[in-house]
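# What the coordinates show
Each chain, letter by letter, is given below.
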Amino acid sequence: MEIAMAQTNVETNTSTGRVLTITRIFSAPPVLVFDAFSDPKRMLQWLGPRDYPASYVESDMRVGGKWRACLDSQASGEKLWHGGVYREIVPGKRLAFTFAWDQANGTPGLETLVDITFDGQNDKTLMTFRQSVFDTPEDCDGHREGWNSAFDRLEELLAQD
């Protein structure tokens, strides 16, 4: 007898590979998943890929407020600073913010928009993450890998709660 397993990670790239959509089901209610995205102390526990975990997170969690984070390479010590501005906040339901990596001179690079929804499904959360528009499909692919690694870490963190 074959047992069907729930699909927990669906990815799509559109606009010739420059729009990233990741869908995940987390075994936690939406309020806890949203909290992991809105509380800087929680973000420090999962933000960033496994090989580039966050070492710094600050957040002015209000529409128009800024956020800033730093990811540190475990191999080289390289620091990747990035940040943005919150565009929409609906606690437990939706979060939208801009995202830009710092350039070598400290100014923001290409700005993308991240839009995340958190939909309750019994005691779980269906998260739909969308980031757009990247300048190249390669940048989109890099973010896909990075976000999926971070979401793996988030899933592990939520399992501990």
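Residues numbered from 1 in each chain as written. Predicted model: local features only at pLDDT ≥ 70, side-chain atom pairs only at ≥ 80, totals over all residues. Heavy atoms only, no water.

## Section: the overall build of the protein
Under the convention used in this document: Helix and strand assignments come from DSSP, with helices taken as H or I runs of at least 4 residues and strands as E runs of at least 2, each series counted from the N terminus. The reference for a compact globule is 2.2 Å times residues^0.38; the radius of gyration itself is calculated from the C-alpha atoms.
Each helix and strand counted, the protein has three helices and eight strands in total. For the protein, the sequential pattern of α-helices and β-strands runs β-β-α-α-β-β-β-β-β-β-α. Expected size for 161 residues packed as a compact globule is a radius of gyration near 15 Å; at 16 Å, the protein falls within 12% of this value. In terms of overall dimensions, the protein has a C-alpha envelope of 60 × 35 × 30 Å along the principal axes.

## Some thoughts on the layout of surface pockets
The following threshold applies: For cavity detection a 1 Å grid was placed over the protein atoms alone, and a set of points counts as a cavity when a 1.4 Å probe fits there but cannot get out; an open set counts as a pocket when protein lies on both sides within 12 Å along at least five of seven lines, with lining residues being those that have an atom within 4 Å of a point. Grid points are joined across faces, edges and corners, and a volume is the space filled by probe spheres set on the points. Residue type decides the class: Asp, Glu, Lys and Arg count as charged, Ala, Val, Leu, Ile, Met, Phe, Trp, Tyr, Cys and Pro as nonpolar, and the leftover types, Gly among them, as polar.
Within this model, the largest pocket holds a volume of roughly 330 Å³. Around the largest pocket sit 21 residues that line it, and Leu71, His82, Phe99, Trp101 and Trp147 are the ones nearest its centre. A per-class count over the lining of the largest pocket returns 16 nonpolar, five polar and no charged.

## Looking at the side chain of Ser149
To be explicit about the condition: Whether two residues are in contact is decided by their heavy atoms: any pair within 4.5 Å suffices.
Examined against the element boundaries, Ser149 turns out to sit in helix 3 (residues 137-160). Discounting residues that sit within four places of it in the chain, Ser149 has contacts with Pro49 and Arg50.

## Here we look at the packing of aromatic side chains
Inclusion rule: A pair of aromatic rings is counted whenever rings of Phe, Tyr or Trp (Trp by its six-membered ring) have centres within 6.5 Å, and the orientation is called stacked for planes under 30 degrees apart, edge-to-face for over 60 and tilted otherwise. Classification of residues uses two cut-offs on accessible area relative to the type maximum, computed with a 1.4 Å probe and protein chains only: under 20% is buried, over 50% is exposed, and between them is partly exposed.
Per the stated rule, a full pass over the model turns up 14 aromatic pairs. Taking the centre distance of 5.3 Å and the plane angle of 55° together, the rings of Tyr56 and Trp81 count as tilted. One end of the pair, Tyr56, is in strand 3 (residues 54-59); the other, Trp81, is in strand 5 (residues 79-90), and 25 residues separate them in sequence. Judged by its relative accessible area of 29%, Trp81 is partly exposed. On the numbers, 6.1 Å between centres and 70° between planes, the contact of Tyr86 with Phe97 is edge-to-face. Note that Tyr86 is positioned in strand 5 and Phe97 in strand 6 (residues 94-101), a separation of 11 residues in sequence. Here Tyr86 matches Phe97 in class, with each residue buried.

## Describing helix 3
Keep this limit in mind: How far a helix is expected to stretch is found by multiplying one less than its residue total by 1.5 Å.
In this model helix 3 runs 35 Å from its N-terminal to its C-terminal C-alpha over 24 residues, within 8% of the 34 Å that 1.5 Å per residue would give. Within helix 3 the residues assigned to the buried category are Cys140, His143, Gly146, Trp147, Asn148, Ser149, Ala150, Phe151, Arg153, Leu154, Leu157 and Leu158.

## Some points on the confidence of the model for the protein
Using the following cut-off: One confidence number per residue, pLDDT, is output by the predictor and ranges from 0 to 100.
Put simply, the protein has an average pLDDT of 91, and 90% of its residues get 70 or more. Mean pLDDT across the elements of the protein ranges from a minimum in strand 1 (residues 9-14), with 49, to a maximum in strand 6, with 98. Residue range residues 1-7 is modelled with pLDDT below 50. Its contacts to residues more than four positions away, or to other chains, number one contact. Counting contacts from residues 10-14, a segment whose pLDDT is below 50, to residues more than four positions away or on other chains yields 15 contacts.

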